[in-house]
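Architecture at a glance
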Amino acid sequence: MEKKEKVNEGEERIGVFVCRCGVNIGGVVDCDEVARYAATLPGVVCVSVNKFTCSDSGQADIQEHIRKYNLNRVVVAACTPKTHEPTFRVCCEEAGVNQYLFEFVNIRDQCSWMHIWDHEGATKKAKDLVRMGVYRAKLLEPLEESEVAVDQNAVVIGAGVAGMQAAMDLGDMGFHVYLVEKEPSIGGRMARFDKVFPTNDCSICILGPKMVEVARNENIEIMSYSEVVEVKGFVGNFEATIEHKPRYIDVDKCTGCAQCVEKCPVEVPYDFNEGFGTRRAAYVPFPQAVPLRGVIDLENCLRSEGKECKACIKACERDAIDFSQEKKYSKVKAGVIIVAPGFVTYDPEPGNDYGYGMDDNVITTMEFERLLNAAGPTEGHVIRPSDCKEPMRLGFINCVGSRDVKTNVHCSGGVCCMFNMKNAILLKEKRPEISCYLFYMDIRAPFRGYEEFYNRARELGIRFVRGRPSEVIEKENGNLVIRAEDTLKGVVRNIEVDLVVLGTGIVPHSDIEKLSKMLKIPRAADGLLMEAHPKLGPVDTVLGGVFVAGGASGPKDIPLSVAQGSGAAARAARLLVTGKAKIEGITAASDTERCIGCSLCVDVCPYAALTLDEKENRVMVVEAICKGCGTCAASCPVGAMEQRHFKTEQVEAQVKNLFALT
Amino acid sequence: MEPKIVAFCCNWCSYAGADLAGVSRYQYPAAVRILRVMCSGRVEPVFIFDAFKNGADGVIVTGCHPGECHYVSGNLNAEKRVENTRKALEYLGLGAERLRLKWISASEGLKFAEVMREFTEEIKALGPSPIKSRMSVK
């Protein structure tokens, strides 16, 4: 469909390209009708309808039209700019049309998919939207992206298996990495596991050497017991402020010999063992810790009660104890940031979740993990907390704090099915005479070797009961009766066990909210960090130069976390290797002729990108700092401040054509 | 006739939420028009008045939840501006209830559709914008 006669209105020569997107748009919106209508709009010199405008042939069609009709504006009515604007911008630039003279009209995500059953309404709306786009396109102005140099350092937040992998990959490529870990040792969750599914390898045996490798990598600077507290800047030029918590031990002198630990008189519940057993106030996190250095937990130290205890000071032959240490801050510059803070498991509510917190013999699967662990508080002997006897009948309950409207509707992606199943298998392998019941709603065993693992659990004699237990009743002797409907048999069962293990779901780490707010990474409905695109940008975020990996962006098992760590490193390396990053041309622009120097815009700018030139009484824009939100433009009473690409007249052009047809 | 609704959406949160509503096929009336700006803080009162002048029965400004604004505090400026514009609308006789502000995140596709449906219903109950009869706007 082509409109042959030349339209003599100004100099705008607009081409409109309507995409059917297969049947996604074409099945609802009458695309030919939209194109016919577009051809009647002022400035439009040609229209074209494509099955898939984003395809090679669709893009070639745009470029051919640009050349044939000497187009200087391109309007594509298709899916959403959130995914496809970059594609069409490049397409236009290649054919000689400045990318900011391209206008995207969303007639799929916000039209055909929204009004599936209202074909007429959707078609009318699509026409209105195209009209709005065309009128806006007429007023668009060419802009240039600026290029900034990318600092050659990287910050990786979180040193679990995903963050470690990302740091190692970047370090091996020759980039300097600041690996910031909140805990005194790197290793994350994986360091706490006994065996890992589906192969049941010893977790720390495979992780330990990797942790040492990280420490040996000369390009990685481990900042343990530290947190990123502030991030300023933008892609290629971030500045992170890192808070270093005092260990009260001089890490340069300490060798991790643990003599101070032996002499410390204070015992507190051992967090690394999920509260089972105790550690001292002076402690080494765990035997394989990296860095293998002691820490003094001042909160529990006798000194915090004003007592003059010197047990550790006397014990340390190297004079490493230093109670004068204080919180320190350092600032680092980095071109990219990889965010890998990990996940936590759901914390059951006392009294609400099967008696957890009230009945001693109801524990979580993370706690059970530590009981099974040879390096754990019981050296691998499973006992029950109430009487330290070995339980002979166990009930494992899946989906506690997941797939539940009361707590968390999201599924933990098969990770906790496998986790609970693994713990039952490990126990059953050690002591076949122990009976294990596993209560489940559905078994999710999606990846390689997982289904086989599930079959093995059945072969070992673990009894699977399909149904979510309604309650767990504690008996006087500490035994527990699990009451559940067996939905396969259609009967209610009361099964007495000695110990109940809750398979708790994966939920956001408390740091996720903090990081999300600090870095401005949106969070998904499950509270975890949101990736740039659920399919095609799994380790990107909407922020240039910021990437995400591991359990922080959704429940993940170890292989997937490692893959994401590598993926995030590779995505980040694109910027580091080229040493250049592009910055959008959408910034504020001040018309100094009109400006009256009232400074209302200066007050609302979140970045201090505007300054009042007091001599001239005019506001000036520092473009390198401006991020282009446009808040200043909206506050200007005289129309002197503008946001490029969203100038008042450009937005008004859309507003005036909102309901031209309907 | 369905009331005509204009939704100003910020690029980072609510526009992505509107896309997610589409991807998830949560339906809302076709008389809703979405206008993309980079930040809800960009929406100036004149856009809102002109939307009414050009046939809108209701205008809704949507942005990131407080504390989650891509531009730190643009959404809070939007909140103040919408509040003031509501007063002006009341003064002009259009009624403050025809202008609304909602926080919708990129993951709240369902909420986006629900907000649009509810707002459409509320505006329907109010009837067409009084401007229309006075200015012979369609």
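See the structure above.
Predicted, not measured: the structure shown is a model, and the values here were computed from it. (Residues numbered from 1 in each chain as written. Chains lettered and ligands numbered in written order. Predicted model: local features only at pLDDT ≥ 70, side-chain atom pairs only at ≥ 80, totals over all residues. Heavy atoms only, no water.)

1. With respect to the pairing of strand 11 (residues 226-234) of chain A
Residues and elements named next belong to chain A.
- As paired strands, strand 11 and strand 12 (residues 237-244) are joined by eight bridges and run antiparallel to one another. Its bridge partner lying in strand 12, glutamate 227 is registered against glutamate 243.
- In textbook terms, the turn of a hairpin is the stretch between consecutive antiparallel strands, and for strand 11 and strand 12 this stretch comprises two residues, one of which, glycine 236, has a positive phi near 85 degrees. (Pairing = 2+ DSSP bridges. Helix = DSSP H or I, 4+ residues; strand = E, 2+ residues; numbered from the N terminus.)

2. Observations concerning unusual backbone geometry
Residues and elements named next belong to chain A.
- Cis geometry marks the peptide bond from phenylalanine 197 to proline 198; its omega dihedral reads -5 degrees.
- Mapped onto the fold, proline 198 is located in the loop between strand 8 (195-196) and strand 9 (201-202).
- The peptide bond linking valine 290 to proline 291 adopts the cis configuration, its omega dihedral lying at 0 degrees.
- Looking at where proline 291 falls in the secondary structure, it is placed in the loop between strand 15 (282-283) and strand 16 (295-296).
- Not every positive phi belongs to a glycine, and cysteine 399 is a case in point at roughly 55 degrees.
- Note on placement: cysteine 399 falls in strand 21 (residues 393-400).
- Here cysteine 399 falls in the buried class, since its relative accessible area comes to 7%. (Buried < 20%, exposed > 50% of the residue type's maximum accessible area, 1.4 Å probe, protein only.)

3. Concerning the state of the cysteines
- All chains considered together, the criterion is met by two disulfides over all chains.
- Bridging cysteine 202 of chain A to cysteine 205 of chain A, the disulfide has an S-S length of 2.2 Å. The chirality of the disulfide connecting cysteine 202 of chain A with cysteine 205 of chain A is right-handed, given an S-S dihedral of about 75 degrees.
- Two residues share a disulfide in this structure: cysteine 13 of chain B and cysteine 64 of chain B, whose sulfurs sit 2.4 Å from each other. Disulfide cysteine 13 of chain B-cysteine 64 of chain B: the torsion about the S-S bond is 100 degrees, which places it as right-handed. Here cysteine 13 of chain B is found in the loop between strand 1 (5-10) and helix 1 (14-23), whereas its partner cysteine 64 of chain B is found in the loop between strand 3 (58-63) and helix 3 (74-92), with 51 residues between them in sequence. The residues cysteine 13 of chain B and cysteine 64 of chain B share a single accessibility class, namely buried.
- Cysteine cysteine 79 of chain A shares no disulfide, and the gap to the nearest cysteine sulfur, in cysteine 54 of chain A, comes to 6.2 Å.
- Unpaired in terms of disulfides, cysteine 436 of chain A finds its nearest cysteine sulfur in cysteine 417 of chain A, a separation of 16 Å.
- Judged by relative accessible area, which is 1%, cysteine 436 of chain A ranks as buried. (Disulfide = S-S within 2.5 Å.)

4. Overview of the side chain of asparagine 50 of chain A
All names here are of chain A.
- Tracing the backbone through its elements, the reader meets asparagine 50 in strand 2 (residues 44-50).
- Taking relative accessible area as the criterion, asparagine 50 reaches 13% and is therefore assigned buried.
- For asparagine 50, the side chain forms a polar contact with the side chain of aspartate 61, separated by 2.8 Å.
- The residues touching asparagine 50, leaving out its near neighbours within four places in the chain, are Val18, Cys19, Arg20, Cys21, Gly58 and Asp61. (Polar contact = N/O pair within 3.5 Å; in protein donor to acceptor, adjacent residues only side chain to side chain. Contact = heavy atoms within 4.5 Å.)

5. Observations regarding the packing of helix 2 (residues 56-69) of chain A against helix 3 (residues 81-94) of chain A
All names here are of chain A.
- The N-to-C vectors of helix 2 and helix 3 enclose an angle of 35 degrees; their axes lie 9 Å apart at closest approach. With respect to the hand of their crossing, helix 2 and helix 3 are arranged in right-handed fashion. Contacts between helix 2 and helix 3 involve Gln59, Ile62, Gln63 and Ile66 on the former and, on the latter, Thr87, Phe88, Cys91, Cys92 and Glu94.
- A class-by-class count of the residues in the contact of helix 2 with helix 3 yields five nonpolar, three polar and one charged. (Axes fitted to C-alpha atoms, helices over the stretch in contact; angles between N-to-C directions. Left-handed = near helix turned anticlockwise from the far one by under 90°. Nonpolar A, V, L, I, M, F, W, Y, C, P; charged D, E, K, R; others polar.)

6. With respect to helix 6 (residues 161-172) of chain A
Residues and elements named next belong to chain A.
- Between the first and last C-alpha of helix 6 there are 16 Å, a value that for twelve residues agrees with the 16 Å anticipated at 1.5 Å per step.
- Counting buried positions along helix 6 gives eleven out of twelve residues, so the element sits mostly inside the fold.
- Turning to helix 6, its buried residues are Val161, Ala162, Gly163, Met164, Gln165, Ala166, Ala167, Met168, Asp169, Leu170 and Gly171.
- At the exit of helix 6 stands glycine 174, carrying a positive phi of roughly 100 degrees. (Expected span 1.5 Å × (residues − 1).)

7. A word on the sheet that holds strand 25 (residues 480-486) of chain A
All names here are of chain A.
- Spatially, three strands are ordered 24-25-26 in an open sheet, and the strand pairing comes out antiparallel. Edge positions in the sheet fall to strand 24 (471-474) and strand 26 (491-497), since each of these pairs with one other strand and no more. Looking at each pair of strands side by side, their axes are set apart by 25 degrees on average, direction ignored.
- Strand direction decides the pairing type here: strand 25 and strand 26, joined by seven bridges, are antiparallel. The partner of leucine 480 across the bridge, within strand 26, is valine 497.

8. Looking at the sheet that holds strand 17 (residues 328-334) of chain A
Residues and elements named next belong to chain A.
- Across the sheet, which stays open at both edges, the three strands sit in the order 11-12-17 with antiparallel pairing between neighbours. Edge strands, defined here as strands with exactly one partner in the open sheet, are strand 11 and strand 17. The average angle at which neighbouring strand axes cross in this sheet is 20 degrees, direction not considered.

9. Let's talk about the interface of chain A and chain B
- Taken together, the 55 residues of chain A in the interface contact 52 residues of chain B.
- Both sides of the chain A and chain B interface together cover about 4500 Å² of buried area, and 57% of this is carbon and sulfur.
- Of all residues in chain A, Gln110, Met114 and Phe659 of chain A give up the largest surface area on contact with chain B, accounting jointly for 16% of the area buried on that side.
- With a shortest N-O distance of 2.7 Å, arginine 33 of chain B and aspartate 128 of chain A are connected by a salt bridge.
- Across the chain A-chain B interface, the total number found is 22 residue pairs in polar contact (both at pLDDT 80 or more).
- Every element with two or more residues in the side of chain A that touches chain B is listed here: helix 3, helix 4 (108-112), helix 5 (119-138), helix 16 (631-635), strand 34 (641-643) and helix 17 (648-655) of chain A.
- Sort the elements by how many residues they give to the side of chain A that touches chain B and helix 5 of chain A lands first, with six residues.
- Of the residues belonging to the side of chain A that touches chain B, the class tally is 27 nonpolar, 14 polar and 14 charged. (Buried area = accessible area lost by both parts, 1.4 Å probe. Salt bridge = Lys/Arg side-chain N within 4 Å of Asp/Glu carboxyl O.)

10. As for the nonpolar core
- If you look at the biggest cluster of nonpolar residues, it comprises 94 residues, and the most contacted ones within it are Val16, Ile107, Val130 and Met641 of chain A together with Val6, Phe8 and Val59 of chain B.
- Ranked by the residues each element gives to this core, the list is headed by helix 5 of chain A, at seven residues.
- Valine 6 of chain B has contacts with Leu658 and Phe659 of chain A together with Arg33, Leu35, Ala51, Ala56, Gly58, Val59 and Ile60 of chain B, leaving out every residue within four places of it along the chain.
- Judged by nonpolar contacts, the second largest core, of 79 residues, contains Leu394, Val415, Val501 and Ala569 of chain A. (Core = buried A, V, L, I, M, F, W, Y, C linked by side-chain atoms within 4.5 Å.)

11. Some remarks on empty space enclosed by the protein
- Summed over all chains, the structure comprises seven cavities of 30 Å³ or more.
- The volume enclosed by the largest cavity comes to roughly 270 Å³.
- For the largest cavity, the lining is made up of 20 residues, of which Glu103, Phe104 and Gln654 of chain A together with Tyr15 and Arg36 of chain B are closest to its centre.
- Among the secondary structure elements, those contributing two or more residues to the lining of the largest cavity are helix 3, strand 4 (102-106) and helix 5 of chain A together with strand 2 (32-37) of chain B.
- Across the lining of the largest cavity, the residue classes tally to ten nonpolar, five polar and five charged. (1 Å grid on protein atoms, 1.4 Å probe; cavity = no way out; pocket = protein on both sides within 12 Å on 5 of 7 lines; lining within 4 Å. Points joined across faces, edges and corners; volume = space filled by probe spheres on them.)

12. Remarks on the pattern of salt bridges
Residues and elements named next belong to chain A.
- On inspection of all chains with the given rule, the structure shows 46 salt bridges over all chains.
- The residue glutamate 85 makes a salt bridge to arginine 89 at a minimum N-O spacing of 3.8 Å. Here the residue glutamate 85 and the residue arginine 89 both occupy positions in helix 3, the gap between them amounting to four residues, near one helical turn.
- In this structure, the salt-bridge partner of lysine 647 is glutamate 141, at a minimum N-O distance of 3.1 Å. Within this pair, whereas lysine 647 is found in the loop between strand 34 and helix 17, its partner glutamate 141 is found in the loop between helix 5 and strand 5 (146-149), the two being separated by 506 residues in sequence.
- The class of lysine 647 is buried, set by a relative accessible area of 18%.
- Residues joined in a network through salt bridges with shared partners are Lys182, Glu227, Lys245, Asp511 and Lys514.

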